Amino acid sequence: MASPEPSGKTLEEPPVPPGSSPGLSAEDRLVLQRIAAGDEKAFLALVERNHRAMVRVALSYVPSEAIAEEVVQEAWIGIVQGIAKFEGRCPLRAWMFRILVNCARMRGGREARSTPFSSLAPVDSDAPPSPETFRPPDDPRWPGHWAQGPEPWADERLFNAEAARRIRSEIERLPPNQRQVITLRDIEDWDSSEVCELLGISEANQRVLLHRARTRVRKALAGWARRAEP
Amino acid sequence: MPAAWKFLSPGRVAPFGGVQWPEPGPASPGPWFRPPGREVYACRIVDLPWWLDAELWEVEMENPVSTLESQLVAPAGRLLRRIASWDASALNAYGAACALRVRDLAVGVLREEGRATEAEALGRPTDLLELARVARGFSTEASTRRGANLAGYLAESATRASQGAGAAAANIAANAAVSARRQPSAFDLEREWQAWWIARRTGLRQN
Amino acid sequence: MSAARPTDIACQEVVELLTDFLEGALDRKTRTRLEQHLVLCPGCTEYLRQLRLTIGATRRLSEAELPEHVRTALLDVFRHWREGA
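How each quantity is defined
- Residues numbered from 1 in each chain as written.
- Chains lettered and ligands numbered in written order.
- Predicted model: local features only at pLDDT ≥ 70, side-chain atom pairs only at ≥ 80, totals over all residues.
- Helix = DSSP H or I, 4+ residues; strand = E, 2+ residues; numbered from the N terminus.
- Buried ≥ 20, exposed ≤ 12 C-beta atoms within 10 Å, placed from the backbone.
- Contact = placed C-beta atoms within 7 Å.
- Nonpolar A, V, L, I, M, F, W, Y, C, P; charged D, E, K, R; others polar.
- Domains from an automatic or database assignment.
- Core = buried A, V, L, I, M, F, W, Y, C linked by C-beta atoms within 7 Å.
- Pairing = 2+ DSSP bridges.
- Axes fitted to C-alpha atoms, helices over the stretch in contact; angles between N-to-C directions.
- Parallel < 35°, antiparallel > 145°, perpendicular 65-115°, else oblique.
- Left-handed = near helix turned anticlockwise from the far one by under 90°.

Asks: Teacher, can you tell me more about the overall build of chain B here?
Replies: Within chain B, the regular secondary structure consists of six helices and six strands. The order of helices and strands in chain B, counted from the N terminus, is β-β-β-β-β-β-α-α-α-α-α-α. With respect to the principal axes defined by its C-alpha atoms, chain B has extents near 60 × 30 × 30 Å. Burial status across chain B gives 44% buried among its 207 residues.

Asks: So what exactly am I meant to see when it comes to the overall build of chain C here?
Replies: The number of helices and strands found in chain C is four helices and zero strands. Going from N to C terminus, chain C has its helices and strands arranged as α-α-α-α. Counting across all 85 residues of chain C, residues that qualify as buried make up 32%.

Asks: Help me understand the environment of C:Ala10 in this model?
Replies: Counting through the fold element by element, C:Ala10 comes out in the segment before helix 1 (11–22). For C:Ala10, a count of 21 C-beta atoms within 10 Å gives the class buried. When the C-alpha atoms of C:Ala10 and C:Thr30 are compared, they prove to be 12 Å apart, with 20 residues separating the residues in sequence. Not counting residues up to four positions away in its chain, the partners in contact with C:Ala10 are A:Pro143, A:Gly144 and A:His145.

Asks: Help me out: how do you make sense of the interface of chain A and chain C in this one?
Replies: Note on interface size: it is often stated as the accessible area lost on association of the parts. Across the boundary between the two partners, chain A contributes 44 residues, which contact 35 residues of chain C. Put simply, the parts of the chain that give the side of chain A that touches chain C at least two residues each are helix 2 (40–59), helix 3 (65–82), helix 5 (161–173), helix 6 (176–187) and helix 8 (203–225) of chain A. With seven residues, the single largest contributor to the side of chain A that touches chain C is helix 8 of chain A. By residue class, the composition of the side of chain A that touches chain C is 23 nonpolar, 10 polar and 11 charged.

Asks: Please clarify how the domain arrangement of chain B should be interpreted in this entry.
Replies: Residues and elements named next belong to chain B. Domain boundaries assigned for chain B yield domain 1 (4–84) and domain 2 (89–200). Taking the mean C-alpha position of each, domain 1 and domain 2 sit 31 Å from one another. Residue-level contacts link five residues of domain 1 with nine residues of domain 2. Residue composition of the side of domain 1 that touches domain 2, by class: five nonpolar, no polar and no charged.

Asks: Would you take a moment to explain the nonpolar core for this structure?
Replies: When a protein is soluble and globular, its nonpolar side chains tend to lie buried together. Residues B:Ala106, B:Ala135 and B:Ala173 are the most contacted members of the largest nonpolar core, which totals 79 residues. It is helix 5 (residues 166–181) of chain B that provides the largest number of residues to this core, a total of 11 residues. Residue assignment places this core across two domains, with domain 1 (4–84) and domain 2 (89–200) of chain B each supplying three or more. Once residues within four sequence positions are removed from consideration, B:Ala173 is found in contact with B:Cys98, B:Ala99, B:Arg101, B:Val102, B:Ser157 and B:Glu190. With 51 residues, the next largest nonpolar core counts A:Val47, A:Val71, A:Ile83 and A:Ile182 among its residues.

Asks: So what exactly am I meant to see when it comes to the sheet that holds strand 1 (residues 4–8) of chain B here?
Replies: By way of backbone hydrogen bonds, the strands of a sheet pair with one another, either parallel or antiparallel. All names here are of chain B. Across the sheet, three strands lie side by side as 1-3-6; this open sheet has antiparallel pairing. At either margin of the open sheet sits one strand with a lone partner, and together these are strand 1 and strand 6 (77–82). Neighbour to neighbour, the strand axes of the sheet diverge by 45 degrees on average, direction disregarded.

Asks: Sorry, what's going on with the packing of helix 2 of chain A against helix 4 (residues 68–84) of chain C here?
Replies: Any two packed helices are characterised by the angle at which their axes cross and by the distance between the axes. Helix 4 of chain C packs onto helix 2 of chain A with a crossing angle of 135 degrees between their chain directions and a minimal axis gap of 11 Å. In terms of orientation, helix 2 of chain A and helix 4 of chain C fall into the oblique class. When the axes of helix 2 of chain A and helix 4 of chain C are compared, the crossing they make is right-handed. Two secondary-structure elements touch here, helix 2 of chain A through A:Glu40, A:Phe43, A:Leu44, A:Val47 and A:His51 and helix 4 of chain C through C:Val70, C:Arg71, C:Leu74, C:Leu75 and C:Phe78. Taken together, the residues of the contact of helix 2 of chain A with helix 4 of chain C sort by class into seven nonpolar, one polar and two charged.

Below is the structure:
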């Protein structure tokens, strides 16, 4: 595989924000030591933990998944080359994703932007669920309460491959900001502060995006997960 | 220390946080439960209707104990004993009692409005589902808003009670009281009646 | 008049607050109102349950494996760097 020179990517570490405690977590420190010493397993573990999230983030800058994969591989080259010099003034992941974002921006600027193409098959049409509705504001007894509430789910249906397929499919259909937030928070298990830092948004804004995304995924599952008629 | 109680979900599980409270011994209090970064809550008798759940426990709260609008709060608490008389049948009886209060209110309002036949019709059913069915019939037929509303509340309360959803039935009853008595204060008064129903049923004493 | 207490919240509002609730971002007063609503509302209780199930199911997507060709390519990059160092 060709190793293109990383160009224009800054490997500088950001200044430590006032009030934050600099220095790496013990875990980060250990990972860095092992990778710098050439430990393949440690490197692959770092890749496993972060690659999918990196592709997601790259996708918000470039028009296709294939190009996003290329961007991420470029970023990994930059990370590997910079890791021995990394001083640990910010968390490891924050530094890695800064490199990624720089690669993605450079690449994204050169490619024509278009709507991301979803490669997943569309979800089969289900029997439509009873629409969940609320009573109107002029209802005599219960304005704003459930008129038709959520139908109970058969929980075991949430545990199989079909549920995963449907969730993935709906996440693909989300607007990019919502897709990013739900992927990083709920799939990749990032802290909210990490997500806010990466995306440059406030905690409140992040919660709104997360809420909208989760609401849509829940609704997408509802038609299929509801208990079959006895 | 004033007596305090706590509702928990089955298995001594806190209903919203999902953490399990430690069990008391046969004759000794359980260990202090001190969730990190959080507080523990408990009820006086008047607070009980707001927090209904499957298990009722007597608890001790660690000082300082503060009184909020509808609960007590403290840095830690421990379970003393389970109130065994609060079980599924108590919950069902509670829901039914609340629904029958709504019936009384509905009958009263219909009589006020000169609708004796309908009032009598509501007085006859001995079964919650039948009561709900009859009431539902009047909730669209009654000519005045108030009468229709009371019949509607009755149908809803009786239905919830028949499903074992006592807390829902009770909330409907409190709302019905406001409509029947045309007084916002009727809500809290109905809640007080409900609190003392629970206390009488389970033998609780507030000190 | 329905909700007698001006502080009662209706289901439509509760549903919008659930992510803030799960994140621990509600002030105590609002959180208490929401919890009290859940006690008396089977519909919202079921909705929250379904939301939690959804989050749990979404979490399980992370168990998907790294594609083999990606693993191979990145291992190449690493070895290339290691030999050059």
